[in-house]
Amino acid sequence: MKVILLGAPGAGKGSQATKIAEHYNIPHISTGDAFRSNIARGTEIGVYAKSFMDKGQLVPDDVVVKIVAERLSHKDCENGFLLDGFPRSIPQAEALEKLTEVDAVVDIEVDFSVITARLTGRRTCPCGESYHISWLNSDTCPKCGQKLFIRDDDKEETIKQRLDVYQKTTEPLVAFYEERGVVKKIDGNRPIEEVFASIKEALG
Ligand code: AP5
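Described in the following lines is the structure provided in the data block. (Residues numbered from 1 in each chain as written. Predicted model: local features only at pLDDT ≥ 70, side-chain atom pairs only at ≥ 80, totals over all residues. Heavy atoms only, no water.)

Another point: the overall build of the protein chain. When helices and strands are counted, the protein chain shows nine helices and seven strands. For 204 residues, the compact-globule formula gives about 17 Å, and the C-alpha radius of gyration of the protein chain, at 16 Å, lands near that figure. Referenced to the eigenvectors of the C-alpha coordinate spread, the extents of the protein chain come out at roughly 45 × 40 × 35 Å. Put simply, the protein chain has 204 residues, and 45% of those count as buried. For the protein chain, contacts bridging at least 24 residues in sequence account for 70% of all contacts bridging at least 6. Total accessible area on the protein chain stands at roughly 10500 Å², and carbon and sulfur atoms take up 51% of it. (Helix = DSSP H or I, 4+ residues; strand = E, 2+ residues; numbered from the N terminus. Rg over C-alpha atoms; globule rule 2.2 N^0.38 Å. Buried < 20%, exposed > 50% of the residue type's maximum accessible area, 1.4 Å probe, protein only. Contact = heavy atoms within 4.5 Å. Areas by Shrake-Rupley, 256 points an atom, 1.4 Å probe, with all protein chains shown as cover.)

Attention shifts here to the sheet that holds strand β2 (residues 28-30). Strand order in this open sheet of five strands is β2-β3-β1-β4-β7, and the pairing throughout is parallel. Because the sheet does not close on itself, it has two edges, and the strands there are β2 and β7 (183-187). Each adjacent strand pair in this sheet contributes to an overall mean axis angle of 20 degrees, direction not counted. Against the sheet, helix α2 (residues 31-41) touches β2 and β3 (81-84), its axis set at about 65 degrees to β2. (Pairing = 2+ DSSP bridges. Axes fitted to C-alpha atoms, helices over the stretch in contact; angles between N-to-C directions.)

Enumeration according to the criterion identifies 19 salt bridges in this entry. Two residues, Asp107 and Lys185, come together in a salt bridge whose shortest N-O distance is 3.3 Å. Linking Asp107 in strand β4 (residues 104-109) with Lys185 in strand β7, this pair joins segments that are 78 residues apart in sequence. For Lys185, a relative accessible area of 43% gives the class partly exposed. One connected set of salt bridges, linked through shared partners, spans Arg122, Arg151, Asp153, Asp154 and Arg162. (Salt bridge = Lys/Arg side-chain N within 4 Å of Asp/Glu carboxyl O.)

Time to look at the nonpolar core. Ranked by internal contacts, the top residues of the largest apolar core, which has 27 residues, are Ile4, Val59, Leu83, Leu96 and Tyr177. Of all elements in the fold, only β1 (2-7), α3 (44-53), α4 (61-72), β3, α5 (90-99) and α8 (172-178) reach the threshold of two or more residues within this core. Residue contributions to this core peak at five residues, all from α4. Not counting the four nearest positions on each side in its chain, Tyr177 is found in contact with Ile4, Pro87, Ala93, Leu96, Val102, Val105, Val182 and Val183. Judged by nonpolar contacts, the second largest core, of 24 residues, contains Leu5, Ala21, Val106 and Val110. (Core = buried A, V, L, I, M, F, W, Y, C linked by side-chain atoms within 4.5 Å.)

Near the ligand, the surroundings consist of 34 residues, among which Ser15, Gln57, Arg88, Arg122 and Arg162 are the closest. Here an oxygen atom of the ligand sits 2.6 Å away from a polar atom, N or O, in the side chain of Ser15. With respect to the ligand, the backbone of Val59 contributes an N or O atom lying 3.0 Å from a nitrogen atom. For the ligand, whose unbound accessible area comes to 1000 Å², protein coverage reaches 95%. Listing elements by their share of the shell around the ligand, those giving two or more residues are α1 (13-24), α2, α6 (112-120) and β6 (130-132). Class assignment of the residues belonging to the shell around the ligand gives a composition of 14 nonpolar, eleven polar and nine charged. (Near = heavy atom within 4 Å. Polar contact = N/O pair within 3.5 Å; in protein donor to acceptor, adjacent residues only side chain to side chain. Nonpolar A, V, L, I, M, F, W, Y, C, P; charged D, E, K, R; others polar.)

Another aspect to go through is α1. Compared with the 16 Å implied by 1.5 Å per residue over twelve residues, the 16 Å span of α1 between its first and last C-alpha is a close match. Among the residues of α1, those classed as buried are Lys13, Gln16, Ala17, Ile20, Ala21 and Tyr24. Buried residues along α1 cover an arc of 130 degrees about the axis, so they all sit on one side. Here the buried face of α1 lies against β1, β2, β3, β4 and α9 (192-203). Phi turns positive, to about 55 degrees, at Asn25, one or two residues after α1. (Expected span 1.5 Å × (residues − 1). Arc of directions from axis to C-beta.)

Now the structure itself:
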C-alpha cells in the first residue's frame, strides 16, 4: 500500500500517520521529521533546512526529493509506505511519479481557525509524538517520558506564513491527484479516533 497524506500544517497528518503506519505495517516517512532530526544532529542539511523552516517556507524541491528518493530505495519500502508531508509542490509530485506509483492520497481537510488553535497548543516529543496542551498534565511525553518542546515554527506569525505557502503551493496537489483518481477526502475537524476510522474505511 503506497499512500500519501495531504493536508495543511496542523491538519493532523503526523497524528494519523503513526496510526496508519502501525495498522497497515508500512514505514512512515515524514520529511518534516527527517529535517528536524538533521537539525538536532547539527548536519549541513539540518542547518540549511532550518533557515527555511523557521520562516515558514518550504525547503527547496531538489533537497527534499533527494532525501525521499534515497529513503524510498530502502528494502522496507518495497511493499508500501506512507508519505507524510511529501510531496508539497507540483515539481515534487512530478519527481515522485518518476520514482513510483501511489495507490491513494488521503487529503485531511480542516478549517484554518481550528488549525491555528491546534498548532499554538502543540507540544512535541523528540520521539516523534505530538500532543495538545489541553490533553496534557505534565511537560513530559506520556509514551516515552522525554521532555516535550514547542516547535520553532509553531509561533503564530510563522503558522500564518505556513498556511499561505500551503494554499499557494501545496493545495494544487489535490487537483493534480484528483486527475489521477486516487484522492480520498477526509473531514479532519473531528476527534483523532473518528478521523482514523474514516481513513481506514477509505483505504479499505
Ligand atoms: P512538517 O513537519 O511536515 O509540518 P506540517 O506539514 O507543517 O505539519 P505539522 O507537523 O505542523 O502538522 P500535522 O498535520 O502533522 O499535524 P499534527 O498531527 O502534528 O514540516 C515542517 C517544515 O519542514 C515545513 O514547513 C517545511 O519548511 C519543511 N518541509 C517538510 N516537508 C517538506 C517538503 N516536502 N518540501 C519542502 N519543505 C518541507 O497535529 C497538530 C496538533 O493538533 C497536535 O498538537 C495534535 O495533537 C493536534 N491534533 C491532531 N489531530 C487532531 C484532532 N483530530 N483533533 C484535535 N487535535 C488534533
